[in-house]
Amino acid sequence: MVFVTQGADVALVSLQGVGKTFSGRTGAWEAVRDFSLDLAEGEFFCLLGTSGCGKTTVLNMVAGFEAATAGSILLDGAPVQGPGADRGVVFQGHDSLYEWLTALDNIGFGLRLRGLGRAERREKAEHFLRMVGLTGQGAKHPSELSGGMKQRIQIARALANDPRMLLMDEPFGALDAMTRAVLQGELSRIWAETKKTVLFITHDIEEACALATRVGVMRRGPGGTLKAIVPVDLPFPRERTSDDFMRVFRDVHALIHDEIHGAH
Amino acid sequence: MPLFMMRFTVRTDRWATIGGYITGFALLFLVWHLAATYLVKSTLFPPPGPVLARGWMLIEDGILQEQIIASLKRIAQGFLLGSAIGIPIGLAIGSFKPVRWLLEPWTEFFRFIPAVAMITVSVIWFGIGEESKVFLIAYTTIFVVIISTAAGVGAVGRDKIRAAQCLGANRWQVFGLVALPATVPYILTGMRLAMSNAFVTIVAAELIASNDGLGKMLWDARLFMQIEDIFVALVALGLLGFATDRSFRFLIRAFAGRFNATV
Ligand SMILES: Nc1ncnc2c1ncn2[C@@H]1O[C@H](COP(=O)(O)OP(=O)(O)OP(=O)(O)O)[C@@H](O)[C@H]1O
Ligand SMILES: [Mg+2]
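Described below are features of the structure shown in this document. (Residues numbered from 1 in each chain as written. Chains lettered and ligands numbered in written order. Predicted model: local features only at pLDDT ≥ 70, side-chain atom pairs only at ≥ 80, totals over all residues. Heavy atoms only, no water.)

## A word on empty space enclosed by the protein
Residues and elements named next belong to chain A.
Part 1 of the argument: For the coordinates displayed, the defined rule picks out 3 cavities of 30 Å³ or more.
Part 2 of the argument: When its volume is computed, the largest cavity comes out at roughly 50 Å³.
Part 3 of the argument: Surrounding the largest cavity, V132, R152, I155, F172, L183, E186, L187 and I190 form its lining.
Part 4 of the argument: Contributing elements (two or more residues each) for the lining of the largest cavity: α5 (147-160) and α6 (177-194).
Part 5 of the argument: Across the lining of the largest cavity, the residue classes tally to 6 nonpolar, no polar and 2 charged. (1 Å grid on protein atoms, 1.4 Å probe; cavity = no way out; pocket = protein on both sides within 12 Å on 5 of 7 lines; lining within 4 Å. Points joined across faces, edges and corners; volume = space filled by probe spheres on them. Helix = DSSP H or I, 4+ residues; strand = E, 2+ residues; numbered from the N terminus. Nonpolar A, V, L, I, M, F, W, Y, C, P; charged D, E, K, R; others polar.)

What follows is the structure in C-alpha cells.
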C-alpha cells in the first residue's frame, strides 16, 4: 500500500499537545495529556488502547463534541470550534439512529438538513444503502434491524453526507466475531472506494491491524497519550494468516501487552 | 418465520385479546351477580340483571346518552385545551434551562393541588356552567402533560443529538427533527395518564356543581334513593373509561409503535 501525501505540512487534522481534564464532584481528572498526532488526507488511522485510556475523549474532541482543555486541534489549518458536517461520526452504540425514520430516511437525514429534494435524497440514500450491502431493506425501521445492520446504516448515514473524514468509535465492538469480520471487510472496501480519511477507535488488536494504514497505541491514563505509532504497510485485502500480518500483530501486541501488564 | 404465519399470529393475538376481554367482563358480572344474590342480599346492592334492565330503559328514554354525551364533551374540550397548553410548555421546560428554573416552581406547586380541590374556586370563578368543568379538566390535564413532555425532552439520547450536529444540523433542526419526534411517545403517554385523571375530575365536578352529566346522575340517584340508577352510572363510567383508554392505546400504537415497543 503506497501512500501519497503531499508534504508533511498538509495534514487534514492536526492535534498539537492536546489535553483534556474533566472537573467534577470527585475533583479534576486528567483523561488525556499532551496528545499530538497528524492525520494525512486519505489515511486509515486506528487508535488502539485499553479501556479507559482516553480514546473516546480524543475522538469527542476531534468531533467537536467536547473542547480540549490544553493544546489545539486544527482541521485544514483552522481550529475545531464544534461539531460540523465535515466530520461524520459513527457511534459505538446504535442509539444514534432515529427510530421514527426508515433506514433510508436515516441515511438521507444529512441531505434533508441541507434542503435536498425528496427524489434526489432518495436516490443518494439508495446508493449508500447498496454500498453497505442492505439493498431492498430501506423501508425498515431501526427496531426491525439487527445490530450489524444498524451499524451499516450508521456508516451509510455518515458517508451519504460526504464528510471530509469519518470518526468511528468502536463501531463493531458490540457485534459477534463473524459479523464483525464481515463488516471489517466491507469497511475496508468502502474506504478504498471513497478514499475518506478515517480515525477509527478500537481495543481489538486484530481489527486495528486488518484495517489501518497506521496504528496508534495509547498509554493508559491518567494522562492518556499516544505511546507509539506502527505503520502497517500491507496490501488490501489483508491476509490475516500471513506471516507479514502476524509480524505486525506481534509488534502491536507487544506494545499493548506492556499497557495491560505494566505497572498497576 | 414466513409472512403469512406472522400475520396469522397477529390475528390470533387480537382474537385472544378480544376473547379475553369478553370473558373477563362476563366473569366480573358473574361475580357481581353471585355476590349480590347469595352474599349481600340487600336492596342496597342490586344484582346486574335489574341494573342492566334499568340502564336499557334509560337508554330507550334517551336519558343515559344525554348524560354520557354531556360528560364526554366536557372531558374532550378540557383535555384538548389542557394538552394544547401543556405540550408547548413542557417542550420549553425540557429545552431551555431558564424556562425550567422559572416554571418548575409553578408545575411543582400546582401539581400537588388536585383538581378536586379546585372545584370550589372554579365554581366561584366560572359558575356552574360548562366553563368551570372545562377549566377543571384542562387544569388536571396540563400538569401531567407538561411533566411527561419535559421528561421526554430530557430523555432524548445524547448520541441522537450529536449525530444530527455532525450531520450539519443547527439548533432549530435539532429541536424540530430530533428532540420533538423523539418526545412524541412521552407526550402521548402523558396524555393517556391525563385522560384517566379527567374521568376522576369530571365526576367530582358534576357531583358538586352541574345540571347534567354522569356525576349529576349519581347525585340525583342518591337524593331520590334510585339505587339502580347509581349502578347504571357506575357501570357506564367503567365502560367509558375502559373504551377511551383502549382507543388511546390503539392510537399510540398506530402512531408511535415503532418509536418505542413498550408504549
Ligand atoms: N465526562 C467525564 N467526566 C469525568 N471523567 C470522564 C468523563 N469522560 C471520560 N472520563 C474519564 O476519562 C477517562 C477516559 O475515558 P474514555 O471514555 O475516553 O475512555 P476509552 O479509552 O474510550 O475507554 P473504552 O475503551 O472503555 O471506551 C476515563 O478514566 C474516564 O473515567
Ligand atoms: Mg470509549
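Next comes the rest of the write-up.
## Thoughts on the site of ligand 1
Residue and element names in this part refer to chain A.
Part 1 of the argument: Taken together, F22, W29, A31, T50, S51, G52, C53, G54, K55, T56, T57 and E170 make up the full set of residues near ligand 1.
Part 2 of the argument: Note that an oxygen atom of ligand 1 is positioned 3.0 Å from one of the backbone N or O atoms of G54.
Part 3 of the argument: Interatomic distance of 2.6 Å between a side-chain N/O atom of T57 and an oxygen atom of ligand 1.
Part 4 of the argument: Considered on its own, ligand 1 offers 640 Å² of accessible surface; in the complex 62% of this is hidden by protein.
Part 5 of the argument: Ranked by the residues each element gives to the shell around ligand 1, the list is headed by helix α1 (residues 55-63), at 3 residues. (Near = heavy atom within 4 Å. Polar contact = N/O pair within 3.5 Å; in protein donor to acceptor, adjacent residues only side chain to side chain. Areas by Shrake-Rupley, 256 points an atom, 1.4 Å probe, with all protein chains shown as cover.)

## Some remarks on the packing of helix α3 (residues 63-95) of chain B against helix α4 (residues 97-110) of chain B
Residue and element names in this part refer to chain B.
Part 1 of the argument: Two numbers describe how α3 lies on α4: the axes approach to 7 Å, and their chain directions differ by 125 degrees. Looking at the two axes, α3 sits oblique to α4. Considering only the axes of α3 and α4, their crossing is left-handed. The segment α3 lies against α4, with I89, A92, I93, G94 and S95 engaging K97, V99, R100, L103 and T107.
Part 2 of the argument: A class-by-class count of the residues in the contact of α3 with α4 yields 5 nonpolar, 3 polar and 2 charged. (Axes fitted to C-alpha atoms, helices over the stretch in contact; angles between N-to-C directions. Parallel < 35°, antiparallel > 145°, perpendicular 65-115°, else oblique. Left-handed = near helix turned anticlockwise from the far one by under 90°. Contact = heavy atoms within 4.5 Å.)

## Some words on the interface of chain A and chain B
Accessible area lost on assembly of the parts is the figure often given for the size of an interface.
Part 1 of the argument: The interface is formed by 23 residues belonging to chain A together with 17 residues belonging to chain B.
Part 2 of the argument: Carbon and sulfur atoms supply 65% of the area that chain A and chain B bury against each other, a total of about 1,900 Å² over both sides.
Part 3 of the argument: Seen at the junction of chain A and chain B, the total is 2 salt bridges.
Part 4 of the argument: Salt-bridge contacts for E66 of chain A lead to R162 of chain B; the nearest nitrogen and oxygen are separated by 3.8 Å.
Part 5 of the argument: Seen at the junction of chain A and chain B, the total is 7 residue pairs in polar contact (both at pLDDT 80 or more).
Part 6 of the argument: For the side of chain A that touches chain B, the elements supplying multiple residues, two or more each, are β6 (87-90) and α3 (109-113) of chain A.
Part 7 of the argument: Ranked by residues supplied to the side of chain A that touches chain B, first place goes to α3 of chain A with 4 residues.
Part 8 of the argument: For the side of chain A that touches chain B, the residue count by class is 10 nonpolar, 7 polar and 6 charged. (Buried area = accessible area lost by both parts, 1.4 Å probe. Salt bridge = Lys/Arg side-chain N within 4 Å of Asp/Glu carboxyl O.)

## Notes on the sheet that holds β6 of chain A
All names here are of chain A.
Part 1 of the argument: Strand order in the open sheet formed by 6 strands is β6-β7-β8-β3-β9-β10, with mixed pairing between adjacent strands. Only two strands of the sheet have a single partner each, and these edge strands are β6 and β10 (225-231). If you compare each strand with its neighbour and ignore which way they point, the axes differ by 20 degrees on average.
Part 2 of the argument: Looking at chain direction, β6 and strand β7 (residues 165-169) are connected through 4 bridges and run parallel. Looking across to β7, one finds that V90 is bridged to M168. (Pairing = 2+ DSSP bridges.)

## Description of the pairing of strand β4 (residues 70-75) of chain A
Residues and elements named next belong to chain A.
Part 1 of the argument: Here strand β1 (residues 13-24) runs beside β4; their pairing, made up of 5 bridges, is antiparallel. Considered in β4, the bridge of L15 is made with I73.
Part 2 of the argument: Inspection of the sheet shows β4 paired to strand β5 (residues 78-79) by 2 bridges, in the antiparallel sense. Residue L75 lies in a different strand from β5, and its bridge partner there is A78.
Part 3 of the argument: Connecting β4 to the antiparallel partner β5 that follows it, the hairpin turn spans 2 residues, and D76 within it adopts a positive phi of roughly 55 degrees.

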